Amino acid sequence: MDNKNIYRARKITEEEIKRQADCTAKVRERILSERDGGARRACCVVTYGCQQNEADGERIAGMARDMGYTITYTPEDAELIIVNTCAVRDHAEKKALSVTGGYKHLKVKNPDLKIGVCGCMVSQEKMSEKLKKSYPYVDFVFGTESIWRFPEILCRNLFTEKRGFYENTGDEVISEEMPVERKSSFSAWVSIMYGCNNFCTYCIVPYVRGRERSRRPEDIIKEVEQLVDDGYKEITLLGQNVNSYGKEYGVDFADLLSDICKIDGDYVLRFMTSHPKDVSDKLIDVIAQNPKIERHFHLPVQSGSDRMLKAMNRHYDTEKYLAAVNKIREKVPDISLSTDIIVGFPGESEEDFEATLDILRKVKYDMIFSFIYSKRDGTPAARSTEQVPDDVKTARFLRMLKVQEPIADERAARYKGQVVRVLCEGRSKNNEAMFTGRDSGMKIVLFEGDESMTGRFVDVKITEARAFGMTGVVVNK
Ligand code: 5AD
Ligand code: SF4
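Residues numbered from 1 in each chain as written. Chains lettered and ligands numbered in written order. Predicted model: local features only at pLDDT ≥ 70, side-chain atom pairs only at ≥ 80, totals over all residues. Heavy atoms only, no water.

> Looking at this structure, how should I read the packing of aromatic side chains?
In this description, an aromatic ring pair is defined by two values, namely the gap between the centres and the angle between the planes. Taken as a whole and judged by the stated rule, the model has 10 aromatic pairs. Ring geometry for F140 versus F150: centroids 6.4 Å apart, planes at 40 degrees, classification tilted. Of the two residues, F140 sits in strand β6 (residues 140-142) while F150 sits in helix α6 (residues 150-160), which places them 10 residues apart along the sequence. The exposure class assigned to F150 is buried, which follows from its relative accessible area of 0%. For the ring pair Y316 and Y321, a centre distance of 5.9 Å and an interplane angle of 35 degrees mean the geometry is tilted. The class of Y316 is buried, set by a relative accessible area of 7%. One aromatic cluster in this structure is built from F140, F142 and F150. (Phe/Tyr/Trp six-rings, centres within 6.5 Å; stacked < 30°, edge-to-face > 60°. Helix = DSSP H or I, 4+ residues; strand = E, 2+ residues; numbered from the N terminus. Buried < 20%, exposed > 50% of the residue type's maximum accessible area, 1.4 Å probe, protein only.)

> Got a minute to help me understand the pairing of strand β21 (residues 469-476) in this structure?
Look at any regular strand and the pattern is simple: side chains alternate between the two faces of the sheet. Looking at chain direction, strand β19 (residues 444-447) and β21 are connected through three bridges and run parallel. Considered in β21, the bridge of L446 is made with T471. Note that strand β20 (residues 457-466) and β21 share seven bridges and pair antiparallel. Each bridged residue has a counterpart across the sheet, and for R466 the counterpart in β21 is G469. (Pairing = 2+ DSSP bridges.)

Printed below as a string of structure tokens:
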């Protein structure tokens, strides 16, 4: 393999690792000595956005725990709040800003409260600046590439009372040293790589998460082994484009998946996200041959128009995409397929949009995640003069949902009367009388149950199957 063009992330030096450990110890000493009526200070990490961000949030919580904080999921109870932001759409940024603004009153009540903002939104210079100027109660801001330096950043703020602003500088590292505080005791995220090299023309991710870099296979396998040992039942491997994993080491994602499947235990594996341009026959074979890998494939198509796909810089056309779908369905017939769609990309004509509806009808996805195009400053598509008016975007979006609904219903109907294995996630938030979980295909399943089922696999016979979820009866606990 020609390694010349392969980007290698910088390794964190021993000195840097030691600095984080020293800062952790220093903060810990202070936090544990500042007991307030015997209660330890609590940290709340509030995460928005994708699973990668969730995984980052759990690392931040892990570092806070090691620094002596207890972990809470209620911001009102916290003395340290970290807002872990997303930048993928305008709505996500507005939400993060308004939530951060809402914490101002908590600081008025408790001047000791520290507020930090991190993640994709503040990896953009202009947003970091905005917080500096207009959010004076925010104590520190750090971009995605500085997460591993959180102990140092917090320590500096606690001991100097100086506000700190750390934007991304391009210093992308892989840190195996970060601890983790997982929200769930049975379902775990495992980042296998960071960043993205694809530069889809609508997407901010490559600018805020940097170049693609993979963790070493042995580090990933060690983490999964430990999770299985600890009783985790569902492990989801994460990357912006998992199919291009491992270039630095001369391995690929299929190799990694098949090596992970060799780990014994009662658990299942998921992965996301795959880029259609990189789906290999080898990967499909590994999925087909390994029952540990769940029967779900998320394959974002984004548009059904070849003209739009070109303008989006996606490096595939609908023919190539449909060939990949057919191959997946041929080798793994029971697989559930989902996708992401962007409606109203600049220049999208009625004809282009019809082509997207067409691909929905052709593929018949089990689930779609659809988004109205959102202009992201700094990306090529934002500079296009052919922006689609908001009312057209919204009308198309609603039309698309109407087309997809009967398709998803039809796809769901095949489950009726079948028994599916579900990892029970606990009581349903929307329907307190029922328990919930997902089947192998990521379909939400509701059933009557009890607390003892949470975190365990149960077999459920499906009595009702609709587009947005299924209902059933537990037949075997
Ligand atoms: N506007 C709307 N949707 C977007 N996505 C990424 N960038 C944008 C944007 N600027 C969608 C894509 C991607 C998903 C995670 O978010 O569909 O697959
Ligand atoms: Fe964004 Fe495209 Fe990278 Fe996904 S593959 S993160 S859509 S640039």
